[in-house]
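# Coordinates in review
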Amino acid sequence: MARHIVASTSEIPPGGNKVVDIAGRDIVVFHVNGEFFALLNRCPHEGAPLEKAACVARLTSPEPGIYERSRVGEMLRCPWHGWEFDMRNGQSWFDPKRVKIRSYPVAVERGDELQKGPYVAETFPVHVEDSYVIVEV
């Protein structure tokens, strides 16, 4: 898999997202609860843009009349038809064995670590002020 620097961490505010084009694919990167998640920006049902999806909590009910919220903001609700997906792995909430969104590995690395590589070149002092979000495709 190739690695792509898609944004600095400050470009995607907490609770926000950013759509990036990587190799002709629209990928949406979400910043939720201090973590970053990358998914194909298309609902598998009818192609709705997931960048417009609501980030909601997982809602379960152990018995009638009792509701429990967990993983606040980590579930996506499609803006067109309400299908829900887990941001961590793209699995659907309604049919996890058959329906999912393509997810991509995400890493956050400091800029000074990104400048290291297998090549030797003349270098100059660099001041790193931010970390960057990297998506593997």
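Reading guide: rules and limits
- Residues numbered from 1 in each chain as written.
- Predicted model: local features only at pLDDT ≥ 70, side-chain atom pairs only at ≥ 80, totals over all residues.
- Heavy atoms only, no water.
- Phe/Tyr/Trp six-rings, centres within 6.5 Å; stacked < 30°, edge-to-face > 60°.
- Helix = DSSP H or I, 4+ residues; strand = E, 2+ residues; numbered from the N terminus.
- Buried < 20%, exposed > 50% of the residue type's maximum accessible area, 1.4 Å probe, protein only.
- Pairing = 2+ DSSP bridges.
- Salt bridge = Lys/Arg side-chain N within 4 Å of Asp/Glu carboxyl O.
- Axes fitted to C-alpha atoms, helices over the stretch in contact; angles between N-to-C directions.

### Concerning the packing of aromatic side chains
- This structure, assessed with the given rule, holds two aromatic pairs.
- Arranged with centres 4.5 Å apart and planes meeting at 65 degrees, the rings of Trp83 and Phe94 form a pair that is edge-to-face. Here Phe94 lies in the loop between strand 7 (84-86) and strand 8 (103-104) and Trp83 lies in the loop between strand 6 (66-77) and strand 7, a separation of eleven residues in the sequence.
- Centre to centre, the rings of Phe85 and Phe94 are 6.1 Å apart; their planes meet at 75 degrees, and the pair counts as edge-to-face.
- Take Phe94: its relative accessible area is 41%, and that puts it in the partly exposed class.

### Describing the pairing of strand 4 (residues 35-40)
- Burial analysis of strand 4 places five of its six residues in the buried class, the great majority of the element.
- Pairing analysis gives six bridges linking strand 3 (residues 25-32) to strand 4, with the strands arranged antiparallel. Paired with Val29 across the two strands is Ala38, which belongs to strand 4.
- What sits between strand 3 and strand 4 in their antiparallel hairpin is a turn of two residues, with Asn33 showing a positive phi close to 50 degrees.
- With two bridges joining them, strand 4 and strand 8 adopt antiparallel strand pairing. Counted as the bridge partner of Ala38 is Tyr104 from strand 8.

### Some remarks on the sheet that holds strand 8
- In spatial order, the strands read 2-3-4-8; together these four strands make up an open sheet with antiparallel pairing. In this open sheet, the two strands that pair with only one neighbour each are strand 2 (17-22) and strand 8.

### A short note on the pattern of salt bridges
- Taken as a whole and judged by the stated rule, the model has eight salt bridges.
- Linking Glu11 and Lys18 is a salt bridge whose minimum nitrogen-to-oxygen distance equals 2.8 Å.
- Connected through salt bridges with shared partners, the residues Glu35, Arg71, Glu74, Asp86 and Arg88 form a single ionic network.

### What about the sheet that holds strand 5 (residues 54-63)?
- Across the sheet, three strands lie side by side as 5-6-7; this open sheet has antiparallel pairing. Across the chains shown, the open sheet's two edge strands, defined by having one partner strand only, are strand 5 and strand 7. Strand after strand, the sheet turns through a mean of 55 degrees between neighbouring axes, direction not considered.
- Pairing of strand 6 with strand 7 involves three bridges; the strand directions are antiparallel. Residue pairing across strands places Leu76 opposite Phe85, the latter belonging to strand 7.

### Quick word on the environment of Val106
- The residue Val106 is located in strand 9 (residues 106-110) in this model.
- Between the C-alpha atom of Val106 and that of Phe37, which follows or precedes it by 69 residues, the distance is 6.3 Å.

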